[in-house]
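What follows is the residue order along each chain.
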Amino acid sequence: VKDNRAVLDKLMQRIIDNKNINKNDENLVAADNHVVNANVKLNEASNLRTKAEKENDKEKKNTLLKKAFELEKQALKEQEEAMGMYETILGDAERNLAMNANNSSNAGNNNNIEKSLVPEKMEDRASYRELKKYEKLDAEANYLAQRANTVRDSANTVKKKNRPGVIAMADDLQKQSDEKRTEANLARNNYDKLKQQEEDQLAIEQKRRDEKAAAKELEPEVAKMNEYARYYQLQKEANAVRDKLSDNEKSEKILRDVADAKKTEAMNLRMDADKESDLAKKEDLTKRADNLEATARQQLRSADSLATANNNLRGTYDQKQALADNYLNGVDPEKSSKIAKVVGSDKNNLVNPEVTYVEIARVDDPVKFAKDFKAPENLTTDIFVKSNTAGYNKDNPIPVNPAGPKGDYYMVQVGAFRNPIPQDLFKEFVPIRGETTNNGLTRYTVGYFTTFDAANNAKKEIRTLGYKDAFVVGFKDGKRAGVNELLANNPGNVNNANNANNGNNANNGNNANNG
């Protein structure tokens with residue numbers, strides 16, 4: 001118990017000296033309570049032992065001593081609990097100090113490289129310092145133990161009258177050795193914990209780097225996905241609300257903190273005014289306090305208004321994030337997984353999509369849709385619908401040379417035939433139109449798109465359905481026009497106009513299947 005008291009005193013002093021430890025920390029308060037409980041029990045035990053010394057009745061004396069012994073065992077347990085908690089608190093503080101120190105130790109690193117929370121050099125790590133501390137204490141404990149043994153052995157050779165003093169000296173040296181040993185063991189435990197924490201942190205950082213590298217490799221593929229283009233829109237909207245909410249919450253906290261500071265200052269001024277005998281000074285102090293309190297009230301009202309706005313923003317963010325999450329959950333699992341890896345768990349790595357999102361809708365009755373469809377006079381949105389059955393048949397044939405929209409637009413050619421085709425040949429999409437040529441071909445195109453990007457994205461979808469030769473074609477006022485000509489007139493219509501024809505081999509639109 002006495003040895004523990006000595007160790008506890010040193011631990012408590014280390015905690016007092018450590019400016020990085022919050023003295024109001026609930027764990028620290030709990031540890032202090034264990035020490036108080038131990039001291040109370042030890043005082044009770046001491047009183048019982050004092051009574052036992054004065055007690056002549058052996059049975060009563062034995063009972064008192066047993067009670068004292070039980071209290072001392074309980075006190076010992078309380079002390080050990082406190083020592084363990086103090087050790088953990090100090091270890092955590094050392095680790096945090098090491099993590100913060102890393103910011104300066106890695107300051108010279110390339111800004112593009114993620115900084116590690118664990119210093120690169122072993123001697124800069126908290127675990128290394130704790131190991132050196134252990135080695136020093138262990139060496140001191142060994143030296144003191146050796147000295148104690150040497151002095152104790154010499155007691156046999158000194159005069160009888162000097163022997164008690166020599167033994168007492170040996171006992172004192174042994175006690176010092178034991179104290180050092182206890183401190184060394186604590187340092188060793190701290191080293192083991194810190195070492196494990198550093199290794200765990202390094203493993204986490206390596207995993208994060210691996211995931212980031214894998215995500216980087218996936219970025220080009222994901223940027224070309226139609227599904228990602230839509231997810232990008234949804235997640236970007238959610239992130240904008242999230243960031244606005246974060247800024248507002250910081251502003252709200254600042255307002256409340258400033259208001260609290262002004263209220264405290266006003267309270268101090270009122271206390272000074274109460275002590276002031278000079279009426280003019282008293283009035284001035286009171287007026288200043290009134291102004292501070294008025295300002296504090298105004299700031300609290302602003303903070304409350306922000307809190308209301310933040311609650312609304314929180315609801316908006318939850319809705320927008322749910323939309324993004326639900327959309328991603330509904331995407332093909334393989335694509336969804338790749339998108340999730342790229343954007344990351346914080347959803348901040350939103351790379352710019354290389355395609356314009358095309359809403360690929362489905363209809364329950366493609367025949368009705370095809371029968372009722374008529375191209376709009378002015379195309380303002382993309383029109384492309386996937387279906388599970390043919391939208392056209394002999395009773396509702398594919399329209400040939402129908403009127404097209406005004407202005408520039410794009411379609412996807414899926415075939416060109418010299419002979420008549422079955423009207424239900426195309427079963428996967430609507431609307432479809434036929435267009436005759438002077439050389440006897442009928443070219444079939446699908447969809448109406450406002451931009452090349454949208455049409456090109458739809459082309460990729462169509463190719464996955466088996467139409468490997470599908471390509472984008474341009475129209476102007478219902479008539480065929482070169483894609484490059486349209487792009488030259490509208491340079492902002494495509495992400496990369498130089499690559500507009502990449503994978504879009506039109507062959508002048510005269511690829512012919514004789515059916």
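Notes on the structure follow. Just so it is clear, the structure is predicted and the values come from calculations on it, not from any experiment. Numbers given for residues are sequential positions, taken from 1 along each chain in its written order. Note on the predicted model: pLDDT of at least 70 is required for a residue's local features to be given, and 80 or more for side-chain atom pairs to be given and counted; whole-chain, interface and lining totals, by contrast, use all residues. Only hydrogens and water are set aside; all other atoms, that is, all heavy atoms of the structure, feed into the side-chain values.

**Observations regarding the overall build of the chain**
Check the secondary structure of the chain and you find eleven helices and eight strands. Between buried and exposed lies partly exposed: a residue is buried under 20% and exposed over 50% of the maximum accessible area for its type, with that area taken using a 1.4 Å probe on protein chains only. For the chain, the residues scored as buried account for 36% of the 515 residues in total. In what follows, residue pairs with any heavy atoms lying within 4.5 Å of each other are defined as contacts. At a minimum sequence separation of 6, the contacts of the chain that also span at least 24 residues come to 75%. Working definition of accessibility: Shrake-Rupley area with a 1.4 Å probe, residue cover restricted to the visible protein chains. Of the roughly 30300 Å² of accessible surface on the chain, a fraction of 48% belongs to carbon and sulfur atoms. The secondary structure listing takes helices from DSSP runs of H or I that are at least 4 residues long and strands from runs of E that are at least 2 residues long, numbered from the N terminus.

**Overview of helix α7 (residues 279-329)**
Each turn of an α-helix holds 3.6 residues, which means side chains three or four residues apart point in the same direction. With 51 residues, α7 should cover 75 Å at 1.5 Å per step; its first-to-last C-alpha distance of 72 Å lies within 8% of that length. N or O atoms closer than or at 3.5 Å make up a polar contact, with two conditions inside protein: a donor-capable atom paired with an acceptor-capable one, and, for residues adjacent in sequence, both atoms drawn from side chains. At the N-terminal boundary of α7, the capping side chain belongs to Asp-278, with an oxygen 2.9 Å from the backbone nitrogen of Ala-280. In this scheme, a helix's expected span is set at 1.5 Å multiplied by one less than its residue total.

**Section: unusual backbone geometry**
Of the consecutive residues Val-430 and Pro-431, the connecting peptide bond is found in the cis state with omega at -5°. The phi angle at Lys-347 is positive, at roughly 60°, despite the residue not being glycine. By the element assignment, Lys-347 lies in the loop between α8 (333-343) and β1 (361-362). With phi around 55°, Asn-401 is a residue other than glycine that occupies positive phi space. Taking the relative accessible area as the measure of exposure, Asn-401 reaches 43% and is therefore partly exposed.

**Remarks on the packing of helix α6 (residues 226-275) against α8**
Contact pair α6 / α8: the axes reach a minimum separation of 10 Å and the direction vectors enclose 45°. Classified by the interaxial angle, the pair formed by α6 and α8 is oblique. For α6 against α8, the interelement crossing comes out right-handed. Facing Glu-227, Tyr-228 and Tyr-231 of α6, the residues of α8 in contact are Lys-335, Ile-339 and Val-343. Think of it as three bins: nonpolar holds Ala, Val, Leu, Ile, Met, Phe, Trp, Tyr, Cys and Pro, charged holds Asp, Glu, Lys and Arg, and polar takes everything else, Gly as well. Split into classes, the residues belonging to the contact of α6 with α8 amount to four nonpolar, no polar and two charged. Where helices are involved, their axes are fitted lines through C-alpha atoms of the stretch in contact, as for all axes, and angles between N-to-C directions lie from 0 to 180°. Oblique is the label for every angle not falling under 35 degrees (roughly parallel), over 145 degrees (roughly antiparallel), or within 65 to 115 degrees (roughly perpendicular). If you view the pair so one helix is near and one far, a crossing is left-handed when the near helix is turned anticlockwise from the far one by less than a right angle, and right-handed when it is turned clockwise.

**Looking at the packing of aromatic side chains**
Pairing of aromatic rings covers Phe, Tyr and Trp, the last through its six-membered ring, and needs centres within 6.5 Å; plane angles under 30 degrees mean stacked, over 60 mean edge-to-face, and all others mean tilted. Taken as a whole, this structure holds 13 aromatic pairs when the rule is applied. Relative to Tyr-467, the ring of Phe-426 has its centre 6.0 Å away and its plane inclined at 40°; by these criteria the two rings are tilted. Residue Phe-426 is found in the loop between β3 (408-417) and β4 (429-430), and its partner Tyr-467 is found in the loop between α10 (452-464) and β7 (471-476); the two are separated by 41 residues along the sequence. Accessibility assignment for this pair places Phe-426 and Tyr-467 in one class, buried. A connected cluster of aromatic rings, assembled from ring pairs, spans Phe-384, Phe-417, Phe-426, Phe-429, Tyr-444, Phe-449 and Tyr-467. Each ring is checked for a lysine NZ or an arginine CZ that lies within 6 Å of its centre and within 35 degrees of its normal; such an atom marks a charge sitting over the ring. Cation over ring: Arg-188 sits above Tyr-134, and NZ or CZ is 5.5 Å from the ring centre.

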